[in-house]
Amino acid sequence: MPSVAFYTLGCKVNFYDTEAIWQLFKNEGYEQVDFEQTADVYLINTCTVTNTGDKKSRQIIRRAVRRNPDAIIAVTGCYAQTSPAEIMDIPGVDLVIGTQDRDKILTYVNEIQKDRQPINAVRNIMKTREFEELDVPNFTGHTRAFLKIQEGCNNFCTFCIIPWSRGLSRSRDPKSVIAQARQLVASGYKEIVLTGIHTGGYGDDLDEYKLADLLWDLDKVEGLERIRISSIEASQIDDRVLEVLKNSSKMCRHFHIPLQAGNDEVLKRMRRKYTIAEFEEKIRKIRAFMPDVAITTDIIVGFPGETDEHYRDGFEAIKRIGFSELHVFPYSKRTGTPAARMEDQVDEEVKNARVHELIDLSEQMQLAYAEKFVGEVLDVIPERDEKGQYGPDRTMGMSDNYLQVVFDAHEDLTGRLCRVKITKAGVNECEGTLVRILDELPEAAGR
């Protein structure tokens, strides 16, 4: 039986794509082995969001070549898309394929097995207008299923290389999304996380069908309990989406809405298309439609030209908005983006000090948000405790508003919908007690 090993760098979308590529190999009779073992094919799914992503990708590729010099080494993902020649130059690489045409991977692998000629299959992503259909019927070890509905981005923020590695925004056919959702529910999944490179841009390239329409159609899928959106821009939460939040019982009370900076001048330099006032107004609206919603965000610290005054201003805005968690990143130069060429790059030590200060703020916010729910009963879907880190008869699951809750469970409740009373709030996890189990035992959910 031929074997394949995978290594994925980067974001959730990459992990989704790797799972989808594994399905293709599985259907051809391959078995999957650990990346540290000897395999016939090594597939590295690369990331290029930072220069370090490129470097790490190259290290992993070389590691695979050393592990089995006779294996076929295939490289895909964002770094493969933007720098195929650089990767082809690494001795031992057989196939470079970017962020499209991945359904043809096995054809190329078979071709290489016959005549051992390296293939560069990367073509111009900017000309691609079709969504690449790659299904993932199940996610090993997860009780939440990811469903990719969109690819690419039209925003061209000045710090970001992604439009060049993923192409322009394109949406998956709604019929195909709904069919895939039904299949996931049939496999026992109760929660679906909608994901993409610019998820909220879903429908921008479709006639008369937008994200709100998709959410309503998913709302009608029987057996689906929860719909979560992995990330969405404030501007994309329009009045029609707000209506869904208000009227659908399946929408999770959690949104990840990237702010990136808390000051208008910095936002302008980033080419983000909103002001702080507009962002705050949108968050106020969301909270009016969905009280107690958890709102998490991304912040880039030390963007070129960010003065102490800009940073302080932003710090106050972040506090005022009151997120439930911040994902904080120090700005890092990405070769080939406008921001990398800007004057007044910020000193690394200044960046680090700001990062630490924002991480402290994030922890205070996480705790303050969690404390609101002590004594309340939340619906939790327990995850599988692979590493046994919660100890015997204890389990951990995610509430619809994104709190990690640990509680006593005297049987395996993985993937079941549980009512849990929150007894103690914490920064990263809360404690609770099981009130009752809401559903019958699912048929071998995701096992």
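Let me begin by describing the structure that accompanies this report. (Residues numbered from 1 in each chain as written. Predicted model: local features only at pLDDT ≥ 70, side-chain atom pairs only at ≥ 80, totals over all residues. Heavy atoms only, no water.)

**Some words on the overall build of the protein**
Part 1 of the reasoning: Looking only at helices and strands, the protein features 13 helices and 19 strands.
Part 2 of the reasoning: Principal-axis analysis of the C-alpha atoms gives the protein an extent of 65 × 60 × 45 Å.
Part 3 of the reasoning: Surface summary for the protein: the accessible area is close to 19900 Å², and the carbon and sulfur share equals 48%.
Part 4 of the reasoning: Taken as two groups, the 59 positive and 73 negative side-chain charges of the protein have centres that lie 2 Å from each other. (Helix = DSSP H or I, 4+ residues; strand = E, 2+ residues; numbered from the N terminus. Areas by Shrake-Rupley, 256 points an atom, 1.4 Å probe, with all protein chains shown as cover. Lys, Arg positive; Asp, Glu negative; His and termini not counted. Charge placed at Lys NZ, Arg CZ, Asp CG, Glu CD.)

**What about helix H12 (residues 308–321)?**
Part 1 of the reasoning: Here H12 spans 20 Å end to end across 14 residues, near enough to the 20 Å set by a 1.5 Å rise per residue.
Part 2 of the reasoning: Of the positions making up H12, those classed as buried are His310, Tyr311, Gly314, Phe315, Ala317, Ile318 and Ile321. Buried residues in H12, looked at end-on, bunch into an arc of 165°, giving them a common side. Along H12, the residues that are exposed and aim more than 90 degrees away from the buried face are Asp308, Glu309 and Arg320.
Part 3 of the reasoning: Phi for Gly322, located one or two positions after H12, is positive at around 75°. (Expected span 1.5 Å × (residues − 1). Buried < 20%, exposed > 50% of the residue type's maximum accessible area, 1.4 Å probe, protein only. Arc of directions from axis to C-beta.)

**Here we look at helix H11 (residues 276–289)**
Part 1 of the reasoning: End to end, H11 covers 20 Å across 14 residues, agreeing with the expected 20 Å (1.5 Å per residue, within 8%).
Part 2 of the reasoning: Every buried residue of H11 is listed here: Ile276, Phe279, Lys282, Ile283 and Ile286. Taken around the axis of H11, the buried residues stretch over an arc of 125°, which confines them to a single face. Opposite the buried face of H11, by more than 90 degrees, sit the exposed residues Ala277 and Ala288.
Part 3 of the reasoning: For H11, the secondary structure elements touched by its buried residues are helix H9 (239–247), strand E12 (254–256), helix H10 (264–270), strand E13 (294–301) and H12. (Contact = heavy atoms within 4.5 Å.)

**Some thoughts on the environment of Lys285**
Part 1 of the reasoning: If you trace the backbone, Lys285 turns up in helix H11.
Part 2 of the reasoning: When the C-alpha positions of Lys285 and Ala186 are compared, they lie 35 Å apart, and in sequence the two are 99 residues distant.
Part 3 of the reasoning: With near-sequence residues (within four places) excluded, Lys285 lies in contact with Asp239 and Leu242.
Part 4 of the reasoning: For Lys285, the side chain forms a polar contact with the side chain of Asp239, separated by 3.3 Å. (Polar contact = N/O pair within 3.5 Å; in protein donor to acceptor, adjacent residues only side chain to side chain.)

**Some thoughts on the packing of aromatic side chains**
Part 1 of the reasoning: According to the stated counting rule, one finds 13 aromatic pairs in the structure shown.
Part 2 of the reasoning: Seen in terms of ring centroids, Tyr274 and Phe279 are 5.7 Å apart; in terms of plane orientation they differ by 40°. Their pairing is tilted.
Part 3 of the reasoning: Overall, Tyr274 belongs to the buried group, its relative accessible area being 13%.
Part 4 of the reasoning: Among the aromatic side chains, those forming a connected cluster through ring pairs are Phe6, Trp22, Phe25 and Tyr30.
Part 5 of the reasoning: Stacked on the ring of Phe315, the Lys or Arg Arg312 has its end atom at 5.5 Å from the ring centre. (Phe/Tyr/Trp six-rings, centres within 6.5 Å; stacked < 30°, edge-to-face > 60°. Lys NZ or Arg CZ within 6 Å of the ring centre and 35° of its normal.)

**Let's talk about empty space enclosed by the protein**
Part 1 of the reasoning: Here the structure, examined in full by the defined rule, presents 2 cavities of 30 Å³ or more.
Part 2 of the reasoning: For the largest cavity, the calculated volume is near 70 Å³.
Part 3 of the reasoning: As for the largest cavity, its lining consists of 14 residues, of which Gly262, Ile299, Glu306, Tyr311 and Gly314 are closest to the centre.
Part 4 of the reasoning: Secondary-structure elements contributing two or more residues to the lining of the largest cavity are E13 and H12.
Part 5 of the reasoning: Here the lining of the largest cavity takes 5 residues from H12, the largest share from any one element.
Part 6 of the reasoning: Its residues assigned to classes, the lining of the largest cavity shows 8 nonpolar, 5 polar and 1 charged. (1 Å grid on protein atoms, 1.4 Å probe; cavity = no way out; pocket = protein on both sides within 12 Å on 5 of 7 lines; lining within 4 Å. Points joined across faces, edges and corners; volume = space filled by probe spheres on them. Nonpolar A, V, L, I, M, F, W, Y, C, P; charged D, E, K, R; others polar.)

**Focus on the state of the cysteines**
Part 1 of the reasoning: Within the structure shown, the criterion is met by 0 disulfides.
Part 2 of the reasoning: No disulfide involves Cys252; its sulfur sits 15 Å from the nearest other cysteine sulfur, which is in Cys418.
Part 3 of the reasoning: Relative accessible area serves as the criterion here: at 1%, Cys252 is assigned to the buried category. (Disulfide = S-S within 2.5 Å.)

**Considerations on the sheet that holds strand E11 (residues 226–229)**
Part 1 of the reasoning: Taken in spatial order, the 3 strands of this open sheet run E7-E10-E11, and their pairing is parallel. In this open sheet, the two edge strands, each paired with only one partner strand, are strand E7 (144–148) and E11. Taken over all neighbouring pairs, the strand axes of this sheet differ in orientation by 25° on average, direction set aside.
Part 2 of the reasoning: Bridge analysis of strand E10 (residues 191–195) against E11 gives 4 bridges, and the strand direction is parallel. (Pairing = 2+ DSSP bridges. Axes fitted to C-alpha atoms, helices over the stretch in contact; angles between N-to-C directions.)

**Quick word on the layout of surface pockets**
Part 1 of the reasoning: Considered as a void within the structure, the second largest pocket measures approximately 540 Å³ in volume.
Part 2 of the reasoning: Phe15, Tyr16, Glu19, Phe139 and His142 are, among the 16 residues lining the second largest pocket, the residues nearest its centre.
Part 3 of the reasoning: If you list the elements that add at least two residues to the lining of the second largest pocket, you get strand E1 (3–8), helix H1 (12–27) and E7.
Part 4 of the reasoning: Top element by residues in the lining of the second largest pocket is H1. It accounts for 6 residues.
Part 5 of the reasoning: Classifying every residue of the lining of the second largest pocket by side-chain character gives 8 nonpolar, 5 polar and 3 charged.

**Here's the deal with the sheet that holds E1**
Part 1 of the reasoning: The sheet built from 6 strands is open, its strands ordered E2-E1-E3-E4-E5-E6 with parallel pairing. Looking at strand neighbours, the two that pair on one side only are strand E2 (31–32) and strand E6 (119–120), the edges of this open sheet.
Part 2 of the reasoning: As paired elements, strand E3 (residues 41–46) and strand E4 (residues 72–77) share 6 bridges and run parallel to each other. Bridge assignment links Tyr42 to a residue of E4, and that residue is Ile73.

**Things to note about the packing of H11 against H12**
Part 1 of the reasoning: Between H11 and H12, the least distance of the axes is 11 Å, while the angle of their chain directions is 10°. Between H11 and H12, the crossing angle belongs to the class labelled roughly parallel. Where H11 crosses over H12, the two elements pack in a sense that is right-handed. On H12, the residues touching Ile276, Phe279, Glu280, Ile283 and Arg287 of H11 are Ala317, Arg320 and Ile321.
Part 2 of the reasoning: Residue composition of the contact of H11 with H12, by class: 5 nonpolar, no polar and 3 charged. (Parallel < 35°, antiparallel > 145°, perpendicular 65-115°, else oblique. Left-handed = near helix turned anticlockwise from the far one by under 90°.)

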